[in-house]
Amino acid sequence: MATPIIGLAALLVIALIGWAIAEAKSKAITFTHSEEESEGWEEMHEAFEHNGGKELSLRDLLKKNYTRGYKSI
């Protein structure tokens, strides 16, 4: 009867240790976007404004799909 309780306690301890490591990493590592990512963000925003400020549906995306194998090249 004590074995499941010990296993549960061990799992809880492992989870808490993992959480503490993740929190320490998130405070130690600073994240910044690269210039390429910011250019991609600007392109995405321009496309959003070009479509009237609405998200495209799946049907709209498939109409403008340029990935058709060698024919797209």
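Everything quoted here is computed from the prediction, not taken from an experiment.

Conventions and cut-offs
Counting starts from 1 at the beginning of each chain's written sequence and moves along it residue by residue. Side-chain atom pairs in this predicted model are given and counted only at pLDDT of 80 or more, local residue features only at pLDDT of at least 70, and totals for whole chains, interfaces and linings cover all residues. Derived side-chain values reflect all non-hydrogen atoms in the structure, with water molecules and hydrogen atoms excluded from consideration. Only DSSP runs of H or I reaching four residues or more are called helices, and only runs of E reaching two or more are called strands; each is numbered from the N terminus. Here's how the labels work: a residue is buried when its accessible area is under 20% of the maximum for its type, exposed when over 50%, partly exposed in between, all with a 1.4 Å probe on protein chains only. Reported accessibility uses the Shrake-Rupley method at a 1.4 Å probe radius. Residues are deemed covered only where the shown protein chains occlude them. What makes a patch is a set of residues exposed beyond 30% relative accessible area and free of salt bridges, joined within 9 Å when like-charged and within 5 Å when nonpolar (Val, Leu, Ile, Met, Phe, Trp, Tyr). Salt bridges are counted wherever a side-chain nitrogen of Lys or Arg sits within 4 Å of a carboxyl oxygen of Asp or Glu. Each residue after the first adds 1.5 Å to the expected span of a helix. Within this scheme the basic residues Lys and Arg register as positive and the acidic residues Asp and Glu register as negative, but His and the chain ends are omitted. Where a charge lies is defined by one atom per residue type, namely NZ (Lys), CZ (Arg), CG (Asp) and CD (Glu). The score called pLDDT rates the predictor's confidence residue by residue, from a low of 0 to a high of 100.

A. Focus on the overall build of the protein. Helix and strand counts for the protein stand at three helices and zero strands. Element order for the protein, N to C, with α for helix and β for strand: α-α-α. In the protein, which comprises 73 residues, the proportion classed as buried is 1%. Just so you have it, the protein exposes about 7,400 Å², and 65% of that area is on carbon and sulfur atoms.

B. Expanded view of a nonpolar patch on the surface. A grouping of Leu12, Leu16 and Trp19 is seen on the molecular surface, where their side chains present a nonpolar patch of about 360 Å² in accessible area. If you trace the backbone, leucine 16 turns up in helix α1 (residues 2–28). Taking relative accessible area as the criterion, leucine 16 reaches 47% and is therefore assigned partly exposed.

C. Fine view of helix α2 (residues 35–50). A rise of 1.5 Å per residue sets the reference length of α2, with its 16 residues, at 22 Å; its end C-alpha atoms lie 23 Å apart and thus fit the reference within 8%. After α2 finishes, the residue glycine 52 shows a positive phi value of roughly 80 degrees.

D. How the structure looks around a negative patch on the surface. Judged by side-chain charge, Glu35, Glu36, Glu37, Glu39, Glu42, Glu43, Glu46 and Glu49 come together as a negatively charged surface patch. You can see glutamate 35 is positioned in helix α2. On the accessibility criterion, glutamate 35 (63% relative accessible area) is exposed.

E. Representation of the confidence of the model for the protein. The share of residues in the protein with pLDDT of 70 or more is 86%, and the mean pLDDT across the chain is 83. The secondary structure element of the protein with the lowest average pLDDT is helix α3 (residues 58–63), at 78, and the one with the highest is α1, at 95.

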